Amino acid sequence: MVSKRLLLTASHVFKFCKKGEVRFERIDPHSSVYKMTEVIFNLEPGTFFLPHPDSTLDVALIAVSEKSHDGKSRLSDVGYCKRVISSERPGTRVNIIQFPQNSNQMVVLRQNQILHSDERFLKIFDNAFVEHHRYKVHHDAAKKRSWFSSSKKDNCSYNLPFFRYNADTQAGSSGSPCFDDMWNLTGIHHCALRVDNEQRPGVFKYIANEGVKIDVIIEWAKNELGENSSYNRELLGELFGGNL
């Protein structure tokens, strides 16, 4: 949750169906032993649904119902993330709250860190991303100009919307929040980067994980807030505690 009503997650979840629910797990304060309880809320795309215009980023904002399925819990009791920080410094710890393979909540803690963007083994993914956008129509390509610059054909530098890190994730973790050690939101988990294993056809080799930088998401939200009056400005203006 990134505001009182809006959930930030992976947009591909809503590609074929915009109806659904979101589950929150929390410690049961009435239990004498450590116990997690699950609270279920409906998603309300009719109230607000905004996917990022670039599908390769795979992020979207969607409204959540104010009361739970059973009517016993309020969304305001769940809380939301107000602390964000733009951090892609190599070595920064990455903590991820995820629901891998649609299972119970799992937290990836500390034994993960942001990788250096200049690592040669990551450059192949930079080139693939840039080439994907280089040949799009001019209108779309204009939006991507800040993501790469090239003074010479053989000497390109990239400022891509992703940061890379090593972490223990599985399928189904896309859209999970990434935090630093102070629990500042730094990005949204996107996918695992992998390459074909040349010695074993059909088998992939894990390279790193990739997330969408939080400052890219904030910039997108600011643009929508300032340029598009058709969306609910009140809901959008409350993102991260109204600190856009």
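Throughout what follows, the structure given in this document is the object of discussion. (Residues numbered from 1 in each chain as written. Predicted model: local features only at pLDDT ≥ 70, side-chain atom pairs only at ≥ 80, totals over all residues. Heavy atoms only, no water.)

**Quick word on the pairing of strand E11 (residues 162–166)**
Piece 1. Of all the five residues making up E11, four are buried; the element is thus mostly covered by neighbouring parts of the structure.
Piece 2. Where strand E8 (residues 113–114) lies against E11, two bridges are found, and the strand directions are antiparallel. When the bridges of E11 are listed, Ile114 appears paired with Tyr165. (Buried < 20%, exposed > 50% of the residue type's maximum accessible area, 1.4 Å probe, protein only. Helix = DSSP H or I, 4+ residues; strand = E, 2+ residues; numbered from the N terminus. Pairing = 2+ DSSP bridges.)

**Some remarks on the pattern of salt bridges**
Piece 1. Taken as a whole and assessed by the stated rule, the structure comprises four salt bridges.
Piece 2. Across the pair Glu210 and Arg164 runs a salt bridge whose closest N-O atoms are separated by 2.9 Å. Residue Glu210 is found in strand E14 (residues 204–213), and its partner Arg164 is found in strand E11; the two are separated by 46 residues along the sequence.
Piece 3. The class for Arg164 is buried, based on a relative accessible area of 8%. (Salt bridge = Lys/Arg side-chain N within 4 Å of Asp/Glu carboxyl O.)

**Describing the nonpolar core**
Most often, soluble globular proteins keep nonpolar side chains buried together rather than apart.
Piece 1. Val2, Phe48, Val59, Leu61, Ile217 and Leu239 are the most contacted members of the largest nonpolar core, which has 25 residues in total.
Piece 2. Looking at this core, the elements that each hand over two or more residues are strand E1 (6–9), strand E5 (60–68), strand E13 (185–196), helix H3 (214–227) and helix H4 (233–237).
Piece 3. Broken down by element, the residue count for this core peaks at six residues, all from H3.
Piece 4. The next biggest cluster of nonpolar side chains, apart from the first, holds 13 residues, and it includes Phe14, Phe24, Leu43 and Leu75. (Core = buried A, V, L, I, M, F, W, Y, C linked by side-chain atoms within 4.5 Å.)

**Let's talk about unusual backbone geometry**
Leave glycine aside and you will find that most residues have negative phi; peptide bonds, for their part, are mostly trans.
Piece 1. Positive phi, normally seen in glycine, also occurs at Asp58, with a value near 55 degrees.
Piece 2. Assignment of secondary structure puts Asp58 in the loop between strand E4 (49–51) and E5.
Piece 3. In this structure, Trp183 takes a positive phi of about 60 degrees despite not being glycine.
Piece 4. Residue placement: Trp183 occurs in the loop between strand E12 (177–179) and E13.

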